[in-house]
Amino acid sequence: MYLYNVTLQRPTTITCAIQGNFTGTKQQEIVVARGQKVLELLRPDPNTGKIVPVLSVEVFGVIRSLVAFRLTGASKDFIVVGSDSGRIVILEYKPAKNVFEKIHQETFGKSGCRRIVPGQYLAVDPKGRAVMIGAIEKQKLVYILNRDAAARLTISSPLEAHKSHTLVLAAIGVDVGFENPIFACLELDYEEADGDPTGEAAQTTQMTLTFYELDLGLNHVVRKYTEPLEEAANLLIAVPGGNDGPSGVLVCSENYITYKNFGEQQDVRSPIPRRRHDLDDPERGMIFVAFATHKTKSMFFVLAQTEQGDLFKITLGVEDDMVTEIRLKYFDTVPVATSMCVLKTGFLFVASEFGNHFLYQIAFLGDNDDEPEFSSAMQLEEGETFFYAPRPLRNLVQVDEMESLSPVLNCQIADLANEDTPQLYVACGRGPRSSLRVLRHGLEVSEMAVSELPGNPNAVWTVKRTVQDEFDSYIVVSFVNATLVLSIGETVEEVTDSGFLGTTPTLSCSQLGDDALIQVYPEGIRHVRADKRVNEWKTPGKRIIEKCAVNDRQVVIALTGRELVYFEMDPSGQLNEYTERKEMTSDIICMALGPVPASEQRSRFLAVGLADNTVRIISLDPSDTLQPLSMQALPAAAESLSILQLGGSADGQEAVGGNPLGTLFLNVGLQNGVLLRTVLDAVTGDLTDTRTRYLGSRAVKLFNVKMQGKDAVLCVSSRSWLSYAYQTRFHLTPLSYEVLEYASSFSSEQCPEGIVAIAQNTLRILALEKLGAVFNQQSVPLQFTPRQFVIDSVSNNIVVVESDHNALTDQTKQERKEQMAAEMLEAAGADEREAAQLMAEEFLTENLPDADFTAAKPGTSTWSSCVRLVNPIEGTSLQQIPLKQNEGAFSIALVEFGCRPDERFIVVGTATDLTLTPRQSSGGALHVFQLLEDGQKLEFLHQTPIDGVPMVLMPFQGRLLAGIDNMIRIYDLGKKKLLRKCENRSLPNFVVSLKTIGTRIFCGDVQESVFLLKYKGKENQILLMADDTLPKWVSSLCILDYNTVAVGDKFGTINVVRLPTDAGDNVEEDPTGNRALWDRGVLNGAGQKVEVICSYHIGDTVLSMQKTTLIPGGAEAITYTTLGGAVGTLMPFTSREDIDYFQHLEMYMRQEHPPLCGRDHLHYRSYYHPLRNVIDGDLCEQFNSLDHSKRKSIAEDLDREPSEVSKKLEDMRTRHAF
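Conventions used here
- Residues numbered from 1 in each chain as written.
- Predicted model: local features only at pLDDT ≥ 70, side-chain atom pairs only at ≥ 80, totals over all residues.
- Heavy atoms only, no water.
- Helix = DSSP H or I, 4+ residues; strand = E, 2+ residues; numbered from the N terminus.
- Buried < 20%, exposed > 50% of the residue type's maximum accessible area, 1.4 Å probe, protein only.
- Pairing = 2+ DSSP bridges.
- Axes fitted to C-alpha atoms, helices over the stretch in contact; angles between N-to-C directions.
- Contact = heavy atoms within 4.5 Å.
- Polar contact = N/O pair within 3.5 Å; in protein donor to acceptor, adjacent residues only side chain to side chain.
- Left-handed = near helix turned anticlockwise from the far one by under 90°.
- Nonpolar A, V, L, I, M, F, W, Y, C, P; charged D, E, K, R; others polar.
- Patch = residues over 30% accessible without salt bridge, like charges linked within 9 Å, V, L, I, M, F, W, Y side chains within 5 Å.
- Areas by Shrake-Rupley, 256 points an atom, 1.4 Å probe, with all protein chains shown as cover.
- Salt bridge = Lys/Arg side-chain N within 4 Å of Asp/Glu carboxyl O.
- Core = buried A, V, L, I, M, F, W, Y, C linked by side-chain atoms within 4.5 Å.

Caption draft 1: Quick look at unusual backbone geometry. Of note, the bond from S406 into P407 is cis; its omega dihedral lies within 30 degrees of zero at -10°. That bond from T917 to P918 is cis: its omega, -10°, falls within 30 degrees of zero. Along the chain, the position of P918 falls in the loop between β72 (905-912) and β73 (924-932). Positive phi outside glycine occurs at N219, with the angle close to 60°. If you trace the backbone, N219 turns up in the loop between β17 (207-215) and β18 (220-228). A relative accessible area of 41% means that N219 is categorised as partly exposed.

Caption draft 2: A look at the sheet that holds strand β39 (residues 474-478). Within the open sheet, the four strands sit side by side as β38-β39-β40-β41. Their pairing is antiparallel. The sheet is open, and its two borders are formed by β38 (459-463) and β41 (492-494), each paired with just one other strand. Strand-to-strand twist across the sheet, computed as the mean angle between neighbouring axes with direction ignored, equals 25°. Bridge count between β38 and β39: five bridges; the pairing is antiparallel. Residue pairing in the sheet places V460 in a bridge with V477 of β39.

Caption draft 3: Representation of the pairing of strand β55 (residues 638-646). Across the nine residues that make up β55, a large majority, seven, are buried. Bridge count between β55 and strand β56 (residues 663-670): eight bridges; the pairing is antiparallel. Considered in β56, the bridge of S640 is made with G669.

Caption draft 4: Structural detail: the environment of E753. Within the secondary structure, E753 is located in the loop between β63 (742-746) and β64 (754-759). What makes E753 partly exposed here is its relative accessible area of 28%. The spacing of E753 and V705 is 48 residues in sequence and 9.3 Å in space, taken between C-alpha atoms. Leave out the neighbours within four places in its chain, and E753 touches K706, M707, Q708, G709, F746 and A767. Of note is the side chain of E753, whose polar atom sits 2.6 Å from the backbone nitrogen of Q708.

Caption draft 5: Seen up close, the packing of helix α7 (residues 1136-1152) against helix α10 (residues 1188-1197). At their nearest, the axes of α7 and α10 sit 10 Å apart, and the two run at 145° to each other. Considering only the axes of α7 and α10, their crossing is right-handed. For the pair α7 and α10, contact is made by L1145, Y1148, M1149 and E1152 and by K1190, I1194 and D1197, respectively. In terms of residue class, the contact of α7 with α10 is built from four nonpolar, no polar and three charged.

Caption draft 6: Up close: a nonpolar patch on the surface. On the surface, W1033, F1051 and Y1168 cluster together into a nonpolar patch covering about 300 Å² of accessible area. Inspection of the secondary structure puts Y1168 in the loop between α8 (1161-1165) and β91 (1174-1176). A residue is classified by how much of its surface remains accessible, and Y1168, at 47% relative accessible area, is partly exposed.

Caption draft 7: Inspection of the sheet that holds strand β7 (residues 78-83) at higher detail. In spatial order, the strands read β6-β7-β8-β9; together these four strands make up an open sheet with antiparallel pairing. Only two strands of the sheet have a single neighbouring strand rather than two, namely β6 (63-69) and β9 (99-107). The sheet shows a mean angle of 25° between the axes of neighbouring strands, taken without regard to direction. Pairing of strand β8 (residues 87-94) with β9, which is carried by eight bridges, proceeds in the antiparallel orientation. Note on β9: the bridge partner recorded for V89 is Q105.

Caption draft 8: Fine view of the nonpolar core. The biggest cluster of nonpolar side chains holds 47 residues, and the ones touching the most others in it are I475, V477, L714, L722 and L763. Counting residues per element, this core draws most heavily on β64, which supplies five residues. Ignoring anything within four residues of it in the chain, the contact list for L722 reads L443, V705, M707, A712, V713, L714, H731, L732, T733, L735, L768 and L771. Ranked by size, the runner-up nonpolar core spans 42 residues in total, among them C428, F1133, C1180 and A1217.

Caption draft 9: View of the environment of Q727. Considering the arrangement of structural elements, one finds Q727 in the loop between β61 (720-726) and β62 (729-734). Given the relative accessible area of 15%, Q727 is considered buried. Placed 45 residues apart in sequence, Q727 and G772 show a C-alpha to C-alpha distance of 8.2 Å.

Listed below in structure tokens is the structure:
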């Protein structure tokens, strides 16, 4: 078995984000690491406030840290990447090619995420003179950065700053102006603790703040200064220095923030303020987890975020270059972030730890509001702190939201909405920001306007008055017997003075030349000049125009009798008919003209689709006008044609295939619902490299539209699709919208880039904003983290179990609030009673949503859970059943018990007072609910106490199969509780996954891989049949056939294991143990061992896998989702020839296009288990983004043309997925 891995959606979680001027212009961009393995450049648009992804690159490695730096006096930022490659890599973004280019790659250690190999921490001197790269333990290296005579970046040999027995928790570059660069590190020396068997030294070990100085004169690094810290710290914030501020660092520790600098500067220490009337555990400390610094010529401030998501604006009071106080002011509350960036345009980018990411506009700096400001100068007792009240956003305004699935905890693929294409139902998020999302393959469509028309129109166009106009002037709608002209302004209204003929249907209308308009109707052509003069050409005799094709300077019409008439515009703006006419051999069904190339008079090609199932290219060159150039036979009659230049780089950005002018394509929509895309040779007119794709059951109509300033094709069948070039790749993506009939580009002030379309008797204006997105999402908010869910196939509803550790149920929360309100009243004196009463009432009525302000954390071993019934099609929650406080729900199953046929039951597994490490609980329970009213309601039936944690439940042969701790049990339904029928206690640790096929049970253990058990019905026994030789920390299982199972593990590897063909199916109970002695096989355990047949490192924890088809008529593949929000698929190869072909392509790609961060591709895909029988489609697909010479050389090595390799890659992907 050989598999081909393709990522359908890249990870959406962001592990670190940096800002800088990476393009070299004044506009700031953001570079993020997604899921630690994808580097992405984002550009916030200062006008619209939308985040536009510019470039996304898979690095085939683990990005551990990122930092931006700029050489002194330069205007462009470089990116330094710390990864698991054992190398420091410096990248530069090249906007002309839209690529990250590797400037330097310096090797310093072994690969892999090791404790003593640098890469975990990066710190850069603010003046861009040096960079420090540090390991978690011992090693730190400093590189000096400079420029040579040609202004190229140079990097020195590494200078060591190692210290053994030292753990590093943070590193930062201190701003000291142009003095010797200084780096600050938080360090912990464990040498004494390591040699002390009593453990006392470990309790007294203090963390230290250490400054390292790079002496540029002597070219070495010294430990300049070190001082012990009172509290354990977690974060360092550099304070601007030189001419911008006092320099030094802010040390963030538990409950305190301290300013430190060397010299005569005294420490300035302030407590971290806490929320007033907080329901959190009072013993819980508060720390800052993320920060962003903003500085201008006159001032600077730091926005620091606590674990609860509250932002504080931190400023320093300075007198005589000495810091005298730290001032903190509550700013606003946003989701807890991994990274934050403040841009010069006033935007704040928040890369959320879990859930969607946000872009905010900073509307106010919070200087003039009534929010109290806390200062370190205020006198407080040791251990006391300041209090503030959180509130909705006041200083920030949310302007954009980037959807993120991370973390995906469970996913099931099914077509519950009867749309032919299955949807992905994804349980994602954490805590109160969780959601159940429905993912559909397609682009999200924003409906800008819908208006009804007096009848059913058959076509629509938009027209500009002159070439210079930025926006369209008219919308022209054609009916069966009339034409309606609407002018576009503040509103859209009908006009009669446009010069168009309104009493006839229209075949085509557009702008001609610089300032003229043209209307083609059945009886003739109407040419409206800028001064409203009208020239008309009437059809000869009783013949009518059946089809036409128009561009900026040319018109071709087809008259009845298969005759083509050609018109061209002369320099004076007059439309002249070519003397000869051309008669075709068959009826003309459709025509298309190519666009007029820049600085040319005409398009050289006319495409004509004929009834004899051919498309012909006809020359319009003056030397051989109307002479046929080439022909292509089609599998069915053509319905519509379009000639377009696609994939060019009009704006200096990327060009698909490396051709800056793009490629001329002929798109053919066939009557059987298939789209053909063929390359049209711009010189000879030959047709080559045909690609086909089935779009729908109706004939395909094609319309040219504009997307992000480039040409694209809208294909309308039983579903609408958009064909466009985006980030060096062609995309053909469906629109998630109802069926359209006709469409045209649309541009107005309110909607600069949209589509105007007709559907039945309505006119719609649509906008497509999220180009490049694979899925669009519909979301149902949840209260707690979703653990598992089941789909009821009868009602198509979903039942979800949600539970959160360290959380309170609504009832307990209210009880705690009432208790605190009573304490407030008790504490108040007689004269303060009235004020206390008002305060208590306000506190009880205050309702800050947990989704925005984070849920209270009362302490470990507290759990809150609920069971929820959801209608995913309408996106509504039908029923929510809360469980008791400290009862955590972990598993769910939908079971049809054999003793009660035609009734459906939901069984939920819970554990009470569960402590996670070491795992122990005061017991568990199986709750049984009955589905009533056709699956619209849940009714509690009974509860069965159990003696463990039920992590997985499954229906099995009309009974319930439960994995409880390290046991597998079978239960049947009783009247008062579930009845235990059979069990097996031979599993080593903890059952996390169960799958069944026939009488076989595949069981995933938390750390000992997969076990194969067999249920013998006659003897009522579950017997161990086979196990694995290698330990695997199982996170998900997926059965492929009777002997084969795919295993996803905690460390990001997918293995496919199979029972050998000679393995027997007969296992017997062995009470004496005699048989086991001679049948023990290898490594003890079961007598039979499974074999690993495929192994592949994904790079992210796989939490769900399913064998399914993703497209109608597609082949089956394994679709998986990961913790980081990625969706991918493993497709089986069907022929040996394909395997050899892709193996060779992958081999050449490894040589010609090594990964960006310096990791070896083969080693990365073999992180924990050697790569076996899986080909990396993500690497192969990077073939299309190589420059032309490299693609040509790889294709020659494969004895193919580059276009054939691209076609093969596209075919492989579209056979199984999208």
